[in-house]
Amino acid sequence: MTARSTADAWEAHAEAWSRWARTPGHDFHYEQLNLPRFLELLPAPRLLTVDVACGEGRFGRVLADLGHAVVGVDSSPTLVRLARAAGGYREVLHTSADSIALPDGAAGLVTSFMALHDMDDLAGAIGEAARLLAAGGRLCFAVPHPFAEMARERPGMGGYFTPERYVDVIERAGVSMTFESWRRPLSDYTCALERAGFWIEALREPVPSETAVAATPALAKWREQPMFLHVRARLGSAQ
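Residues numbered from 1 in each chain as written. Predicted model: local features only at pLDDT ≥ 70, side-chain atom pairs only at ≥ 80, totals over all residues. Heavy atoms only, no water.

### Observations regarding the packing of aromatic side chains
The final tally for this structure, using the stated rule, is 11 aromatic pairs. Seen from their ring centres, Phe38 and Phe113 are 5.1 Å apart, and the 65 degrees between their planes marks the pair as edge-to-face. Of this pair, Phe38 sits in helix 3 (residues 28-39) while Phe113 sits in strand 4 (residues 107-113); the two residues are 75 residues apart in sequence, bridging distant segments of the chain. For Phe113, a relative accessible area of 10% gives the class buried. Ring pairs connect the aromatic residues Trp10, Trp17, Trp20 and Phe179, which therefore count as one cluster. When the ring centre of Tyr30 is taken as reference, the NZ or CZ atom of Arg58 above it lies at 3.6 Å. Just above the ring of Tyr166 sits the side chain of Arg154; from NZ or CZ to the centre is 3.6 Å. (Phe/Tyr/Trp six-rings, centres within 6.5 Å; stacked < 30°, edge-to-face > 60°. Helix = DSSP H or I, 4+ residues; strand = E, 2+ residues; numbered from the N terminus. Buried < 20%, exposed > 50% of the residue type's maximum accessible area, 1.4 Å probe, protein only. Lys NZ or Arg CZ within 6 Å of the ring centre and 35° of its normal.)

Pasting the structure below:
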């Protein structure tokens, strides 16, 4: 457990994250499993797309290439600088996910790709997404699958229903990254959506394709157990 905020943690690890995300072929879970399956979830571009917790900007650049008019948001000044420099965004705002300087109803889509678990205030971020969306707008997010999180060896942590902060240091192929995030049960996400006025349209557990496994055999285990959770939620009526 760490006393500092997740925002402070991500600023501390921002340069390391940039190396992790930008080293070609390094983050194969993102390139071959998480990203392609998540893109299948997204609606067509409409109004603004707000990329919440945009990091160094790799996902926002993909959105821009798909025709979205993207505004990025991140609490880390270093990551905001890197995202701006890399391009693809109309604008990148340095602010927290629960207080974004955009008008009510300005967005047709809010995305949070592998980031809600990196926020201390989950309900605040989802509530702010609801404020930003026009009627019928969608929130799409990806998080580590709660079942996969429970399977990780983290001595001293509580049971499934106990939200807890963790610190994981991962090194692969000479690139190291420290992740300071939250492990939460599925119901924390669904209850936050419910309270903010969202209806869940799609809830998916992405599975790597046979082609992806052939290219990267390390992905094979994720054909038998979940690694990521993808959600698309609609604001307002379920119809």
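### Quick look at the sheet that holds strand 8 (residues 198-204)
Strand order in the open sheet formed by seven strands is 3-2-1-4-5-9-8, and the pairing between neighbours is mixed. This sheet does not close on itself; its edge strands, each paired only once, are strand 3 (91-94) and strand 8. Taking each pair of neighbouring strands and ignoring which way they run, the sheet shows an average axis angle of 20 degrees. Sheet strands touched by helix 6 (residues 122-132): strand 1 (48-52), strand 4, strand 5 (133-144), strand 8 and strand 9 (228-235). Its angle to strand 5, the strand with the most contacts, is close to 150 degrees. (Pairing = 2+ DSSP bridges. Axes fitted to C-alpha atoms, helices over the stretch in contact; angles between N-to-C directions. Contact = heavy atoms within 4.5 Å.)

### Details of the pairing of strand 7 (residues 175-183)
Extensive coverage of strand 7 is indicated by the burial of eight of its nine residues. The loop that links strand 6 (residues 164-172) with its antiparallel partner strand 7 comprises two residues; one of these, Ala173, has a positive phi angle of about 55 degrees.

### With respect to the environment of Trp199
By the element assignment, Trp199 lies in strand 8. The spatial distance from the C-alpha of Trp199 to the C-alpha of Arg138 is 9.4 Å, given a sequence separation of 61 residues. Side-chain polar atoms of Trp199 contact the backbone oxygen of Gly236, separated by 2.6 Å. (Polar contact = N/O pair within 3.5 Å; in protein donor to acceptor, adjacent residues only side chain to side chain.)

### Some words on the pattern of salt bridges
Scanning the model with the defined rule gives 16 salt bridges in all. Of the charged contacts in the structure, one is a salt bridge between Arg58 and Asp27, with a shortest N-O distance of 3.0 Å. Placement of the pair is Arg58 in helix 4 (residues 58-65) and Asp27 in the loop between helix 2 (14-22) and helix 3, with a sequence separation of 31 residues. One salt bridge connects Arg183 with Glu164, and the closest N-O pair in it is separated by 3.7 Å. Pair noted here: Arg183 is in strand 7 and Glu164 is in strand 6, with a separation of 19 residues, a long-range link. Three or more residues joined by partner-sharing salt bridges are found here, namely Arg4, Asp120, Arg165 and Glu180. (Salt bridge = Lys/Arg side-chain N within 4 Å of Asp/Glu carboxyl O.)

### Some thoughts on the packing of helix 6 against helix 8 (residues 186-196)
Helix-helix packing is characterised by the crossing angle of the two axes and by the distance between the axes. Where helix 6 meets helix 8, the axes come as close as 9 Å, and the angle between the chain directions of the two elements is 40 degrees. Classified by the angle between their axes, helix 6 and helix 8 sit oblique to one another. In terms of crossing hand, the pair formed by helix 6 and helix 8 is right-handed. Here Leu122, Ala123, Ile126, Gly127 and Ala130 of helix 6 lie close against helix 8, whose contacting residues are Asp188, Tyr189, Ala192, Leu193, Arg195 and Ala196. (Parallel < 35°, antiparallel > 145°, perpendicular 65-115°, else oblique. Left-handed = near helix turned anticlockwise from the far one by under 90°.)

### Some words on the packing of helix 2 against helix 5 (residues 77-86)
Put simply, helix 2 and helix 5 touch, their axes get as near as 9 Å, and they point 40 degrees apart. In this view, helix 2 runs oblique relative to helix 5, as classed from their interaxial angle. The crossing of helix 2 and helix 5 is right-handed. Contacts from Ala14, Glu15, Trp17, Ser18 and Arg22 in helix 2 reach Thr78, Leu79, Arg81, Leu82 and Ala86 in helix 5. For the contact of helix 2 with helix 5, the residue count by class is five nonpolar, two polar and three charged. (Nonpolar A, V, L, I, M, F, W, Y, C, P; charged D, E, K, R; others polar.)

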